[in-house]
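Coordinate analysis (summary)
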Amino acid sequence: MEIDRAIRESDDRRLKTKYNNAIYVIQRALALYSIEEVAFSFNGGKDSTVLLHLLRAGYYLHNAEKSLPNGDLDRDEISFPIQTIYFECPSAFPEINSFTYDTAAKYGLQMEIIRLDFKAGLEALLKAKPIRAIFLGVRIGDPTAVGQEQFSPSSPGWPAFMRVNPILDWSYRDVWAFLLTCKVPYCSLYDQGYTSIGSIHDTIPNALLCINDSAKSEGKYRPAYLLADGRLERAGRAKKFPSPISGKLSCSSNGLKSGEIGQIRTLTASIIAVGDEILFGTVEDKLGSSLCRKLQSIGWTASDLMVTRNDIDSVADEVERRRSTNDMLFIYGGVGPLHSDVTMAGIAKAFGVRMAPDEEFEEYLRHLIGEKCTGDRNEMALLPEGITELLHHEQLPVPLIKCRNVIVLTAANVAELDTQWDCLLGLSRSNGLLAVMEPFVSKRLSTKLSDVEIAQPLSKLCLEFPDVYIGGYRISRNGPLIISFEGKDQTRIEAAAAGLCKKFHPGSFSAID
Ligand SMILES: Cc1cc2nc3c(=O)[nH]c(=O)nc-3n(C[C@H](O)[C@H](O)[C@H](O)COP(=O)(O)O)c2cc1C
Ligand SMILES: Nc1ncnc2c1ncn2[C@@H]1O[C@H](COP(=O)(O)OP(=O)(O)OP(=O)(O)O)[C@@H](O)[C@H]1O
Ligand SMILES: [Mg+2]
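What comes next is a walk through the structure. (Residues numbered from 1 in each chain as written. Chains lettered and ligands numbered in written order. Predicted model: local features only at pLDDT ≥ 70, side-chain atom pairs only at ≥ 80, totals over all residues. Heavy atoms only, no water.)

Turning our eyes to something else, we now look at the site of ligand 1. Neighbouring residues of ligand 1: Ser 41, Phe 87, Phe 118, Leu 122, Ile 134, Leu 136, Thr 144, Ser 154, Ser 155, Trp 158, Phe 161 and Arg 163. Take Ser 155: an N or O atom from its side chain is 2.6 Å from a nitrogen atom of ligand 1. A distance of 3.4 Å separates an oxygen atom of ligand 1 from a polar side-chain atom of Arg 163. Contact with the protein chains covers 64% of the free accessible surface of ligand 1, which is 620 Å². Class assignment for the residues of the shell around ligand 1 results in seven nonpolar, four polar and one charged. (Near = heavy atom within 4 Å. Polar contact = N/O pair within 3.5 Å; in protein donor to acceptor, adjacent residues only side chain to side chain. Areas by Shrake-Rupley, 256 points an atom, 1.4 Å probe, with all protein chains shown as cover. Nonpolar A, V, L, I, M, F, W, Y, C, P; charged D, E, K, R; others polar.)

Another aspect to go through is the site of ligand 2. Taken together, 19 residues form the shell around ligand 2, and within it Ser 41, Lys 46, Ser 48, Tyr 190 and Ile 197 come nearest. Between ligand 2 and Phe 87, the relevant distance is 3.0 Å, taken from a nitrogen atom to a main-chain nitrogen or oxygen of the residue. One of the backbone nitrogen or oxygen atoms of Ile 197 is found 2.8 Å away from an oxygen atom of ligand 2. In isolation ligand 2 offers 590 Å² of accessible surface; the protein chains occlude 87% of this area. Breaking the shell around ligand 2 down by element, the ones donating at least two residues are α3 (46–65) and β2 (83–87). (Helix = DSSP H or I, 4+ residues; strand = E, 2+ residues; numbered from the N terminus.)

Here we have four strands laid out as an open sheet, ordered β16-β17-β15-β18, and antiparallel in their pairing. What marks the edges here is a single partner per strand, and that holds for β16 (469–474) and β18 (509–512). For this sheet the average axis-to-axis angle between neighbouring strands, irrespective of direction, equals 30 degrees. Two strands pair when backbone bridges link them, and strand β15 (residues 441–447) and β18 are joined in this way by four bridges, in the antiparallel orientation. Within the sheet, the bridge partner assigned to Leu 445 lies in β18 and is Ala 511. With respect to the sheet, helix α13 (residues 451–464) is in contact with β15, β16, β17 (481–487) and β18, its orientation differing from that of β17 by roughly 10 degrees. (Pairing = 2+ DSSP bridges. Axes fitted to C-alpha atoms, helices over the stretch in contact; angles between N-to-C directions. Contact = heavy atoms within 4.5 Å.)

Across the sheet, six strands lie side by side as β8-β7-β9-β14-β13-β12; this open sheet has mixed pairing. This sheet does not close on itself; its edge strands, each paired only once, are β8 (300–308) and β12 (388–391). Across this sheet, the average inter-strand angle for adjacent strands is 25 degrees, counted without regard to direction. When strand β13 (residues 400–403) meets strand β14 (residues 406–409), the two strands line up antiparallel, connected through three bridges. Looking at β14, one finds that Lys 402 is bridged to Ile 407. Across the face of the sheet, helix α9 (residues 312–323) comes into contact with β7 (267–274), β8, β9 (328–332) and β14 while running at roughly 165 degrees to β8. Seen against the sheet, helix α12 (residues 414–431) touches β9, β12, β13 and β14 and runs at an angle of roughly 145 degrees to β14.

Pasting the structure below:
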């Protein structure tokens, strides 16, 4: 069997181990369920392509174990009887669709095309067929993998079946090692810089693979297998532009459904300030707004900015809630040796790991504070175990700490934040930490018109310019109204601003800045 042979002949030991484990899971599933009771969820993506070939190999080996006639049957020709389901969606890339159909024809897959959403489609499928287990190409880094194991019953509220995830523990690198070693076809989008594929509305090529180092989608991109850091495979999965801080004049209040139109390709970050002093009103948080501006300047969106108490559970709750819905989370305050410095412990709790001594970090601290540290252990050198990465930069006396997608900033004022941010950007050039997107541009118009006069024309303008965020705010109740236009395309912003001016008498608006 060509897949099994290719892996056995390869000298990639890690790949062999991953392959053997996945085949073991498949064989256990095939022993537990009859062939009519299993299905394979295939969508033409790289992970499900890997799974297809693992299932072909697993099914072949399962049959071989059950002994076939003395080798006179060409075993590569054994058909693939596992029922295959594809949830076809109108917003799928045409390349994904055609690859899925071509693959089905090439390998003789028995395809069931489902044109309902996942839940309704599965309900109908399970009513019509005796399916009890479904193979999925879910991997541990996927947002939907949280809490899953290789065999995981479907979630409460979903029809009852077993989710079987043979490649749950595979990394991005493992996936590409497999596809390239086995020389199997994969969807052409992966050769055009796409590294993880969702719908046409939320997927762009991965900016880290852009040959000109520009995030423009018309640029040239390297193939997906060249992405050095697999943790950034979803950098091309742009989030929907989150609802802006709601003002009554914003687009979101005008009936636009995000996800249909009105999307701006952006990555999102959440910002958490930790400090009872901020909540007591003793200290003013200036870092948050500065960080929002910095994020805007690299084309990211700050999805929220919040302050939490110096309390492990409060920090853990906020980190847990925000880390999975954002590309990055920045946290500052509460880092140090004091009793109130609980940020690191809160992060550890959010990830469900313990705090453990980090020798490398301790060494840095020793250089910095010498022997001033009392006790037999430096509490500051305890970091969340297994998820911590130290970000070294020559301008930083102590590296910054990153726990998965949470970056801990130690700045106590804006000048220190500037330095740490510059270091992060410097590091990003080599390790892709913060993908630099097209920056946001903005324009502001000031007017003496009243809210009532402007509300309706502005609502219409929002519909005409779904790709521009149009908001309104006042600096004082009786002062002028300021209309702001934010987006990534200067021409569109100018057009939106001109469009608004045209709706009123000349001279009703004046540009600020
Ligand atoms: C065959 C199959 C089974 C699924 N089972 C579950 C489930 O048990 N629980 C759940 O929350 N989501 C389930 N999902 C949905 C996925 O977790 C996830 O929402 C989806 O694959 C992500 O699609 P999206 O990124 O387009 O939202 C299932 C999806 C498929 C295709
Ligand atoms: N539309 C769909 N139809 C059938 N199965 C699907 C569909 N969408 C997702 N799945 C299942 O969920 C798994 C995980 O989806 P995910 O998008 O993370 O991976 P992928 O599409 O295989 O690869 P990529 O990460 O490159 O997009 C798929 O491998 C597949 O088993
Ligand atoms: Mg996909």
